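Listed here are the chains, written in short residue letters.
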Amino acid sequence: MSKKMGRPCKDNPKDTRIQVRLDKETLKKLDECAKEKNTTRSEVIREGIDLVNDELQKK
């Protein structure tokens, strides 16, 4: 049998999706952050989660 075709598996796949409702002002802030950091909305949200988690761990 031949090897599996396709892209190689990732160590930390991002396969879980969530939906979030944002008001226009919050979405504007998110887009500004993503543009300034030259990254995606998702990455900005992940970084925000990490910041909040780090803050909670310090308590």
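Model, not experiment: these values are computed from the prediction.

### Quick word on helix H1 (residues 24-37)
At step 1: With 14 residues, H1 ought to run about 20 Å at 1.5 Å a step, and its terminal C-alpha atoms sit 20 Å apart, in line with that.
At step 2: Of the residues that open H1, the one with a side-chain oxygen 3.0 Å from the backbone nitrogen of Glu25 is Asp23.
At step 3: Positioned one or two residues after H1, Asn38 has a phi angle of 55°, which is positive.

### A few points about the packing of H1 against helix H2 (residues 41-58)
At step 1: Two numbers describe how H1 lies on H2: the axes approach to 9 Å, and their chain directions differ by 100°. The angle between H1 and H2 places the two elements in the roughly perpendicular class. Here Leu27, Leu30, Asp31, Cys33, Ala34 and Lys37 of H1 come into contact with H2, specifically with Arg41, Val44, Ile45 and Glu47.

### Brief notes about the pattern of salt bridges
At step 1: Under the criterion given, the structure shown has three salt bridges.
At step 2: With a shortest N-O distance of 2.7 Å, Asp31 and Arg41 are connected by a salt bridge. Here Arg41 lies in helix H2 and Asp31 lies in helix H1, a separation of 10 residues in the sequence.
At step 3: Residue Asp31 is classed as partly exposed on the basis of its relative accessible area, which comes to 31%.

### A closer look at the environment of Ile45
At step 1: Relative to the elements of secondary structure, Ile45 occurs in helix H2.
At step 2: Residue Ile45 is classed as partly exposed on the basis of its relative accessible area of 41%.
At step 3: For the pair Ile45 and Leu30, spaced 15 residues apart in sequence, the C-alpha separation works out to 8.2 Å.

What counts, and where the lines are drawn
Residues numbered from 1 in each chain as written. Predicted model: local features only at pLDDT ≥ 70, side-chain atom pairs only at ≥ 80, totals over all residues. Heavy atoms only, no water. Helix = DSSP H or I, 4+ residues; strand = E, 2+ residues; numbered from the N terminus. Expected span 1.5 Å × (residues − 1). Polar contact = N/O pair within 3.5 Å; in protein donor to acceptor, adjacent residues only side chain to side chain. Axes fitted to C-alpha atoms, helices over the stretch in contact; angles between N-to-C directions. Parallel < 35°, antiparallel > 145°, perpendicular 65-115°, else oblique. Contact = heavy atoms within 4.5 Å. Salt bridge = Lys/Arg side-chain N within 4 Å of Asp/Glu carboxyl O. Buried < 20%, exposed > 50% of the residue type's maximum accessible area, 1.4 Å probe, protein only.

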